[in-house]
Amino acid sequence: MLTRKQFELLRFIHERLTEAGVPPSFDEMKDALDLRSKSGIHRLITALEAVGAVLPQALSKAISAA
């Protein structure tokens with residue numbers, strides 16, 4: 001089960017990948033969720049990775065929706 005913020009982030013990542021073909025930056029994700037720091041985004045992404053909702057990209061800091 002995802003938290004509200006995790007779901008919002010996952011939806012934002014999916015929309016960005018669909019529209020632009022590239023994942024959003026940490027700054028874009030931070031701004032989209034009205035968070036104050038990128039560390040909050042990092043925690044959310046780590047949680048999404050743990051449940052298999054997003055996959056880290058091997059050679060970059062990008063992620064993709066699972």
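What you see is a predicted model, and the numbers here were worked out from it, not measured in a lab.

Rules used throughout
Residues numbered from 1 in each chain as written. Predicted model: local features only at pLDDT ≥ 70, side-chain atom pairs only at ≥ 80, totals over all residues. Heavy atoms only, no water. Helix = DSSP H or I, 4+ residues; strand = E, 2+ residues; numbered from the N terminus. Buried < 20%, exposed > 50% of the residue type's maximum accessible area, 1.4 Å probe, protein only. Contact = heavy atoms within 4.5 Å. Areas by Shrake-Rupley, 256 points an atom, 1.4 Å probe, with all protein chains shown as cover. Salt bridge = Lys/Arg side-chain N within 4 Å of Asp/Glu carboxyl O. Patch = residues over 30% accessible without salt bridge, like charges linked within 9 Å, V, L, I, M, F, W, Y side chains within 5 Å. pLDDT = per-residue confidence, 0-100. Expected span 1.5 Å × (residues − 1). Arc of directions from axis to C-beta.

**Side note on the overall build of the chain**
Move 1: A count of helices and strands for the chain gives three helices and two strands.
Move 2: For the chain, the residues scored as buried account for 26% of the 66 residues in total.
Move 3: When contacts within the chain are restricted to residue pairs at least 6 apart in sequence, those whose partners lie at least 24 apart make up 33%.
Move 4: Accessible area of the chain: about 4500 Å², with a carbon and sulfur share of 56%.

**Some words on the pattern of salt bridges**
Close approach of charged atoms lets side chains of opposite charge pair.
Move 1: Tallied over the entire structure, the rule returns five salt bridges.
Move 2: The partner of Arg16 in a salt bridge is Glu28, and the shortest N-O contact between them spans 2.8 Å. Within this pair, whereas Arg16 is found in helix 1 (residues 4-20), its partner Glu28 is found in helix 2 (residues 26-32), the two being separated by 12 residues in sequence.
Move 3: Judged by its relative accessible area of 30%, Glu28 falls in the partly exposed class.

**Details of a nonpolar patch on the surface**
Move 1: On the surface, Leu2, Phe7 and Val51 cluster together into a nonpolar patch covering about 260 Å² of accessible area.
Move 2: Mapped onto the secondary structure, Phe7 falls in helix 1.

**What about the confidence of the model for the chain?**
Move 1: With 85% of its residues at a pLDDT of at least 70, the chain reaches an overall mean of 87.
Move 2: By mean pLDDT, strand 2 (residues 63-65) is the weakest element of the chain at 64, and helix 1 is the strongest at 95.

**Side note on the side chain of Lys30**
Move 1: Along the chain, Lys30 turns up in helix 2.
Move 2: Those residues in contact with Lys30, other than ones at most four positions away along the chain, are Leu35, Arg36, Ser37, Lys38 and Ile41.

**Details of unusual backbone geometry**
Move 1: Although it is not a glycine, Asp34 sits at a positive phi angle of roughly 55°.
Move 2: Mapped onto the elements of the fold, Asp34 is located in the loop between helix 2 and helix 3 (38-50).

**Overview of helix 1**
Move 1: Compared with the 24 Å implied by 1.5 Å per residue over 17 residues, the 24 Å span of helix 1 between its first and last C-alpha is a close match.
Move 2: Listed as buried for helix 1 are Gln6, Leu9, Leu10 and Ile13. Buried residues in helix 1, looked at end-on, bunch into an arc of 100°, giving them a common side. Opposite its buried face, helix 1 presents the exposed residues Arg4, Thr18 and Glu19, each directed more than 90 degrees away.

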